[in-house]
Amino acid sequence: MAVFKPENVEDLYEIGEVLGSGHFGQVRQVRERASGKCWAGKFLKIRKNSCSRLGLDRSSVEQEVEILQAVQHPNIVILKDVFESRAEVVLILELVSGGELFDFIAQKDNLLESEAIEFMKQILQGLSFMHSKNIAHFDLKPENVMLSDNVSPHPNIKLIDFGLAHLFHQGEEYRSTSGTPQYIAPEVINNEPLSTAADMWSIGVNTYILLSGLSPFQGDTNEDTLKNVIAMNYEFHAQYFSTTSSMAKDFIQKLLVKNPNERMTAEECLLHPWIKPITRKQVANRNRSSINMKSFKKFNARRKWKMSYNMVWMCNRLVHLKLLHKGSSSTDPDPLQRQCESDTEDTEIKPASLLRRRLSSSS
Ligand code: ATP
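Model, not experiment: these values are computed from the prediction.

Examining the overall build of the chain
Item 1. When its secondary structure is counted, the chain shows 13 helices and 9 strands.
Item 2. Classification of the 363 residues of the chain by burial places 52% in the buried group.
Item 3. The long-range share in the chain, meaning contacts at least 24 apart out of those at least 6 apart in sequence, stands at 67%.

Observations concerning unusual backbone geometry
Item 1. A positive phi angle, close to 55°, is found at Asn 191, a residue other than glycine.
Item 2. One non-glycine residue, Met 232, lies in the positive phi region at around 55°.
Item 3. Residue classification places Met 232 among the partly exposed residues on the basis of a relative accessible area of 23%.

Comments concerning the sheet that holds strand E4 (residues 79–84)
Across a sheet, paired strands are connected by hydrogen bonds in the backbone, their directions being either parallel or antiparallel.
Item 1. If you trace the 5 strands from one edge of the open sheet to the other, you get E1-E2-E3-E5-E4, paired in antiparallel fashion. What marks the edges here is a single partner per strand, and that holds for strand E1 (13–22) and E4. Taking the axes of each pair of neighbouring strands and ignoring which way they run, one obtains an average angle of 25° across the sheet.
Item 2. As paired elements, strand E3 (residues 38–45) and strand E5 (residues 88–93) share 6 bridges and run antiparallel to each other. In the sheet register, Ala 40 faces E5, and the bridge partner there is Leu 93.

Concerning the UniProt feature "domain: Protein kinase" (unreviewed entry) in the chain
Item 1. Following the UniProt record, one finds the feature "domain: Protein kinase" (unreviewed entry) at residues 13–275.
Item 2. With 31% helix and 18% strand, residues 13–275 has its two end C-alpha atoms placed 42 Å apart.

Structural notes on the domain arrangement of the chain
Item 1. Structurally, the chain comprises domain 1 (9–93) and domain 2 (101–297).
Item 2. Every contact between the two is made by 14 residues of domain 1 and, on the other side, 18 residues of domain 2.
Item 3. Taken over both partners, the interface formed by domain 1 and domain 2 buries close to 1,300 Å², and the fraction arising from carbon and sulfur atoms is 61%.
Item 4. If you sort the residues of domain 1 by the area they bury against domain 2, Ile 67, Asn 75 and Ile 76 come out on top, with a joint share of 39%.
Item 5. Counting every contact that joins domain 1 to domain 2 gives 1 salt bridge.

What about the nonpolar core?
Item 1. Formed by 88 residues in total, the largest nonpolar core has its most connected members in Leu 91, Ile 105 and Phe 162.
Item 2. At 9 residues, the largest contribution of residues to this core is made by helix H6 (residues 197–212).
Item 3. The residues that make up this core include at least three from each of domain 1 (9–93) and domain 2 (101–297).
Item 4. Excluding its chain neighbours within four sequence positions, the residues that come into contact with Ile 105 are Leu 111, Phe 119, Leu 210, Ile 291, Met 293 and Phe 296.
Item 5. In terms of nonpolar packing, the next biggest core, distinct from the first, is built from 8 residues, Val 30, Trp 39, Phe 43 and Val 90 among them.

Notes on the pairing of E5
Item 1. Of all 6 residues making up E5, 5 are buried, and the element is well covered by its neighbours.
Item 2. With 5 bridges joining them, E4 and E5 adopt antiparallel strand pairing. By the bridge assignment for E5, Asp 81 is matched with Ile 92.

Re the environment of Ile 189
Item 1. Position of Ile 189 among the secondary structure elements: in helix H5 (residues 186–189).
Item 2. A residue is classified by how much of its surface remains accessible, and Ile 189, at 16% relative accessible area, is buried.
Item 3. For the pair Ile 189 and Lys 227, spaced 38 residues apart in sequence, the C-alpha separation works out to 9.2 Å.

Structural notes on the pattern of salt bridges
Item 1. Counted according to the given criterion, the structure contains 21 salt bridges.
Item 2. Notably, a salt bridge pairs Asp 103 with Lys 304, separated by 2.8 Å at the nearest N-O pair. Here Asp 103 is found in helix H3 (residues 101–106), whereas its partner Lys 304 is found in helix H11 (residues 293–324), with 201 residues between them in sequence.
Item 3. When the shortest N-O distance is used, the salt bridge between Glu 173 and Arg 175 registers 2.5 Å.

Thresholds, definitions, all that
Residues numbered from 1 in each chain as written. Predicted model: local features only at pLDDT ≥ 70, side-chain atom pairs only at ≥ 80, totals over all residues. Heavy atoms only, no water. Helix = DSSP H or I, 4+ residues; strand = E, 2+ residues; numbered from the N terminus. Buried < 20%, exposed > 50% of the residue type's maximum accessible area, 1.4 Å probe, protein only. Contact = heavy atoms within 4.5 Å. Pairing = 2+ DSSP bridges. Axes fitted to C-alpha atoms, helices over the stretch in contact; angles between N-to-C directions. UniProt positions renumbered as here; feature names shortened; annotations may be inferred. Domains from an automatic or database assignment. Buried area = accessible area lost by both parts, 1.4 Å probe. Salt bridge = Lys/Arg side-chain N within 4 Å of Asp/Glu carboxyl O. Core = buried A, V, L, I, M, F, W, Y, C linked by side-chain atoms within 4.5 Å.

Have a look at this one:
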């Protein structure tokens, strides 16, 4: 069981600029007073009591901490320390200063598949390690794939945000309907028992986007997206995949498989010829093929726009909620939580079960 230190974090760390925001708090740069070293402090608001409508259950944070402690790997963010006050838990994490992988790639004029694969390999190595410990991430999307730094020509991948991750115990049947519609596997939507294979579906979606700049199942609304996933409604549009190798398409096809047991595992991915070519022809194919940069840049710009739109929308909602808080009934559903996975531009009503975030739905 992780130790949550009762000290005031500000006695030991100087709190600096905001690095990012999540649904339950902010991530800020912090400087350790003793060593002068910089870290990332993830400040998570804790629900004060069961009637309280804002914040996370402490047990959910305990789970995130337990998992972070179990996944010490060069491609996974390191957890250094945990502090707890009355209303907040602060995770002191390795500072990942290279930004998101997708932003790094979007700055380039062109990128060969062989160069993109170097990043994919590291993502798969991190995942393979997690999966070997029976831990699934369950939220693999571009926002959670970061780079160690922005100075070296070949920065390392760091997987972040273990807020939805789960450690499977022997014989356990686990279900959860949390996630982000564009990236979630059919078994998540169908509320079926889950396994680490759900992450491999997300790897298939992320790879498809990386190569083409298209999101394979994206519909006009979240409901449409979910329907497309269930129907396995995707194809390789010739005009977007004209520079893609057949090995890359084969790699994706072996991940976007409805039956989780038939999907490639992370270990198998690392041995797929697209990742680990054996013949000279395979090596040449990767060096000849490139990602569709024009379309990818468009996808990324749109993604960033949606993220900032959602953040403004959430902040407004939070302020509104706080103002209304006193007058509302405790049995009302929490509108903030219901909208947490707003990955579309619009804010229409979505299936509540799929939009909940960190609400326990395990069995
Ligand atoms: P969400 O609710 O969106 O899942 P969250 O509350 O779980 O978010 P994270 O996703 O872990 O929080 O972090 C939010 C953002 O803060 C990230 O998208 C990233 O930009 C930034 N961030 C998180 N961890 C780090 C880190 N270790 N170093 C630098 N920046 C970080």
